[in-house]
Amino acid sequence: MSGFLFGLATGLASLSGLLFGLATDLASLSGFPFGLAAGLASRFFLSFGFAKRFASLSGFTFLKKQSKMNKNMHIIIGGGGTGGHIFPALAIANALKAKHPDAEILFVGAENRMEMERVPAAGYKIIGLPVAGFDRKKRLKNIAVLWKLYQSLRMARKIIRDFQPDIAIGVGGYASGPILKAAAQKGIPTLLQEQNSYAGVTNKLLARKARKICVAYDGMEHFFPKDKIVLTGNPVRQDLVITKEKKQEAYSHFGLNPAKKTIVVIGGSLGARTLNESMMASLQILCESEVQWLWQSGAYYYQTSKAALENYPDAPVTLTEFISRMDLAYSVADLVISRAGAGSISEFCLLGKAVILVPSPNVAEDHQTKNALSLVKKGAALLVADKDAVQQLIPQALQTIRNDAQLKQLSDTILKLALPDSADKIVDEIDRICHFTSSRKDDSKPNLYFIGAGGIGMSNLIRYFLANGKKVAGYDKVESTLTQQLNTEGAPIHYEDSIDLIPEIFKDPASTLVVYTPAVPSDLAELDFFRKNGFEWMKRAQVLGEITKTKRGLCIAGTHGKTTTSSMIAHLLKQSPVDCNAFLGGILKNYDSNLLLSNTSDLTVIEADEYDRSFHWLTPYMAVITSVAPDHLDIYGTEEEYRKAFIHFASLVRAGGTLLMEAKVDIVPPMQKDVRLYRYAGNQQGNADFQARNIRIGEGEIFFDFVAPDGIVNDIQLGVPVEINIVNAVAALAIARLNGVSDDALRAGMASFRGAKRRFDFHIKTTELVLIDDYAHHPEELEASISSVRKLYPGRKLTVVFQPHLYSRTNDFYREFAQSLSLADEVILIPIYPARELPLPGVSSQMILDLVTAPQKHLVNYNELIEFVSQTEVEVLLIAGAGDIELLVKPIKNKLLCGRKSYK
């Protein structure tokens, strides 16, 4: 009887398969695409599954491979077909391995496609599916395609059953369809990575079941659910980083002349017919041009191109079938001519390459044109249509290469669109979905080497690792008081970019983790050494994110006010029984440190830096947003993108956590489940949950009553009595109160708070002379500081010395800076502090000075400032800026005191 039932069950399964075949044939003949066919396949599997269960009831079971319980995370990456899919997939895999060294990664691709060679060459296992694309013109051929789809779905189910992945990642291409569909059917989370500005068919079909969709362009809500979209950018090959050494190597490698400008023409590994025809049609023009050309023809067109070039032996052209060292090609390229594939565009953005795009017309949905237009509309690239290329491309290239201003504008603009560390951001999303924690602990390596060690954010990490018994060393460009202190504390820092100066114990990849800040130039010899020799290296923000992942992070973000606010929170918690750890962006005077550690509390105060989107590595328990006034437009490009970064930061608050935003912050954050949203204000406002009332300012003191949703704390006294600190104090009091600090402890803590160095820092405070040092380097910060001084010292002459910080910021906000400075009686400007930047033509402090309307204004050289100030009639002096002007504060103080003996 049981044998009869089993036979009946398997017969039902066969009948289901027959129905599936007929249904998919009809779907193909009717012109229905992959979606309906895949749906019918899914219904078939439901029937087939029923048949298996029926057979099981008869006492029989289907054979099933037994798998061990997964000790390590198992990840499937599906997709491929072109380099545009494969390179991002490999970059994600490499980033996963860097963060989770024990992870098991399995690729699933399409048989006989390029991934079957490229993936094993990169060291990963891959299984090929017989899946193929639908023929949109010869639809009868799709009967065979549907049979392959059926086979692929069966194989995909078996792969999922045997490998038991924690998550399946789809990067586009035919193979990602069956494997992600099979994963979703088993309840396994899926994540998509869409490279293009116009979503592919497979990803659009898979989006409904995906947990997150990582994209490289804005406006993708046209294709995907808005709440699933994460803007990460496209992962690119890490070997593309350009260094000075590579540029010299490139000239030799390609036989190019270093004295000439270079145009690089690339059309993919197989070639692009239109680009090659454009080059061949213009060889006489190339002979007469003053530039040199590096021309990748591709395998299909190499012999034809070579024959054409032989007729022009004097042409300054280096022809190659395929450029295997794209890092070298990019390093010498003054201008690139290329198709508009998503991967290539991501590389141009990351490297800041001026480019002329010729979109291929032979791609699905004309997505290359859409990719190109997304750059062209922002002034980040030029476009020549494929149909016009033979006549227009080379003349356009020559016109562009001869215009240095246009080249620079294209390079600067496209660089602003770069989304660095895309692969790491995608891995971070994977971790969030699967609740993974890194199997690489922050204490797994005994040695840490810091590049950019003198930065305020880097130094607190150095102190953290020293406190945990690590050996630490590093490099910074400039010696400072902070680096001198780090040397004294046990971390040797040197100031010359030299591999020879790296201590020997830090030259072993097995025992050394390299930590760097994005503010350092990418062409540093030391950074290049670590990259080339297999070292594990991480951005500062990544390390901080790892350290704090298992702690309750109190993360304070905002254009300004975050250092003072985070310092206040840290002090309020530290001096109460609640206690905390803290990684601060300033030296907290009460402790003479930017690092606080606790043996009893997991609360960790973190100053969340928005530069380079670093704060996206954090997972806040509670978050504060003080301001979203635009800044760092050299990174973000537009005010809208800057604001979007804060919206994403707000979305990272853990379920059950808290988001506190200043009342005037007008972003609408996407809230996770059970996240509480509060508003705060520095004065009485109806929409603020926490605010200050009954503010009393007089005789150098400030008092107010702190109003919270559950009560009022009267008579809060500011330890640093400056009006600008009222709003910062309200935010700090709110976070402290939400974490259980008592009313009495709030009063005592705020009164004893001495401030952070260089945040409204008094150096002289007498009845006749006042000297204040402040870090203000944004127009809104500067206006707030000057206004606060005005209210503290009404009727006194106010002199402001200001050092602009960054050429890009000055160029973006010179009008606003002038407006803020005009509130002073006298303005003394010094030249711009460049930090990480090279000078921008025409951008200088003079731009600000010309628009300042203060009664007296001056532009003084840095080295002449001390003497100039000493000869100035000073009553109240505010020194502001984020650069090396801090080194002049003490000499100016001494000079002023020496000139006024009575003030000693």
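Here the structure is shown first, and the text comes after it.
So, here is what we can say about the structure in this document. All figures in this text were calculated on a predicted structure; none of them were measured in a lab.

### Considering the environment of Glu-115
By the secondary structure assignment, Glu-115 is in helix H4 (residues 115-121). Of the residues examined, Glu-115 reaches a relative accessible area of 1% and is grouped as buried. Placed 35 residues apart in sequence, Glu-115 and Gly-80 show a C-alpha to C-alpha distance of 5.9 Å. Not counting chain neighbours up to four residues away, the residues in contact with Glu-115 comprise Gly-79, Gly-80, Gly-81, Ile-86, Gly-109, Ala-110, Pro-120 and Ile-126. At 2.8 Å, the side chain of Glu-115 and the backbone nitrogen of Ala-110 are in polar contact.

### Focus on the pairing of strand E25 (residues 676-681)
When strand E24 (residues 658-662) meets E25, the two strands line up parallel, connected through 5 bridges. The residue of E25 that forms the bridge with Glu-662 is Tyr-680. Pairing geometry for E25 and strand E26 (residues 690-698), over 2 bridges, is parallel. Note that in E26 the partner of Tyr-680 across the bridge is Phe-690.

### A closer look at the sheet that holds strand E21 (residues 593-596)
Pairing in this open sheet of 10 strands is mixed, and the strands run E21-E20-E22-E19-E23-E24-E25-E26-E27-E28 from one edge to the other. Two strands bound the open sheet, and with one partner strand each, they are E21 and strand E28 (711-717). Strand after strand, the sheet turns through a mean of 15° between neighbouring axes, direction not considered. Packed on one face of the sheet, helix H25 (residues 724-738) meets strand E19 (552-557), strand E23 (622-625), E24, E25, E26, strand E27 (701-708) and E28 and runs near 45° to E27.

### Focus: the nonpolar core
Judged by nonpolar contacts, the single largest core of 78 residues is most densely connected at Val-605, Phe-704, Phe-706 and Leu-821. What Val-605 contacts, discounting residues up to four positions off in sequence, is Leu-554, Ile-556, Ser-566, Ile-569, Ala-570, Leu-573, Cys-580, Asn-581, Ala-582, Phe-583 and Leu-584. Formed by 56 residues, the second largest nonpolar core is a distinct cluster that contains Val-131, Ile-160, Cys-349 and Leu-357.

### Some words on the side chain of Arg-540
With respect to the secondary-structure elements, Arg-540 resides in helix H21 (residues 540-548). No salt bridge forms around the buried Arg-540; measuring N to O, its nearest opposite-charge neighbour Asp-609 is 5.1 Å away. Side-chain polar atoms of Arg-540 contact the backbone oxygen of Gly-457, separated by 3.0 Å. Every residue in contact with Arg-540, bar those within four places of it in the chain, is listed here: Gly-457, Met-458, Asn-460, Leu-461, Val-515 and Tyr-516.

### Quick look at the packing of aromatic side chains
Applying the stated criterion to the full structure yields 20 aromatic pairs. With centroids separated by 5.2 Å and ring planes inclined at 80°, the aromatic side chains of Tyr-464 and Phe-465 adopt a geometry described as edge-to-face. Taken individually, Tyr-464 and Phe-465 each receive the classification buried, so the pair is uniform in this respect. With a centroid separation of 5.2 Å and 65° between ring planes, the pair formed by Tyr-642 and Phe-646 is classed as edge-to-face. Within this pair, Tyr-642 and its partner Phe-646 are both found in helix H24 (residues 639-651), separated by 4 residues, close to a single helical turn. With respect to class, Tyr-642 is no different from Phe-646; both count as buried. Three or more aromatic residues joined by ring pairs form one cluster here, namely Tyr-449, Phe-506, Phe-529, Phe-530 and Phe-535. Across the ring face of Phe-762, the terminal group of Lys-765 is positioned such that the distance to the ring centre comes to 4.6 Å.

### Quick notes on helix H28 (residues 807-821)
Along its 15 residues, H28 runs just 18 Å from first to last C-alpha, ending more than 12% under the 21 Å computed at 1.5 Å per residue. All of the buried residues along H28 are Tyr-807, Ser-808, Arg-809, Thr-810, Phe-813, Tyr-814, Phe-817, Ala-818, Ser-820 and Leu-821. Residues of H28 that are buried make contact with helix H23 (633-636), helix H27 (779-792), strand E31 (798-802), strand E32 (826-829) and helix H29 (845-851).

Rules of the game
- Residues numbered from 1 in each chain as written.
- Predicted model: local features only at pLDDT ≥ 70, side-chain atom pairs only at ≥ 80, totals over all residues.
- Heavy atoms only, no water.
- Helix = DSSP H or I, 4+ residues; strand = E, 2+ residues; numbered from the N terminus.
- Buried < 20%, exposed > 50% of the residue type's maximum accessible area, 1.4 Å probe, protein only.
- Contact = heavy atoms within 4.5 Å.
- Polar contact = N/O pair within 3.5 Å; in protein donor to acceptor, adjacent residues only side chain to side chain.
- Pairing = 2+ DSSP bridges.
- Axes fitted to C-alpha atoms, helices over the stretch in contact; angles between N-to-C directions.
- Core = buried A, V, L, I, M, F, W, Y, C linked by side-chain atoms within 4.5 Å.
- Lys, Arg positive; Asp, Glu negative; His and termini not counted.
- Salt bridge = Lys/Arg side-chain N within 4 Å of Asp/Glu carboxyl O.
- Phe/Tyr/Trp six-rings, centres within 6.5 Å; stacked < 30°, edge-to-face > 60°.
- Lys NZ or Arg CZ within 6 Å of the ring centre and 35° of its normal.
- Expected span 1.5 Å × (residues − 1).

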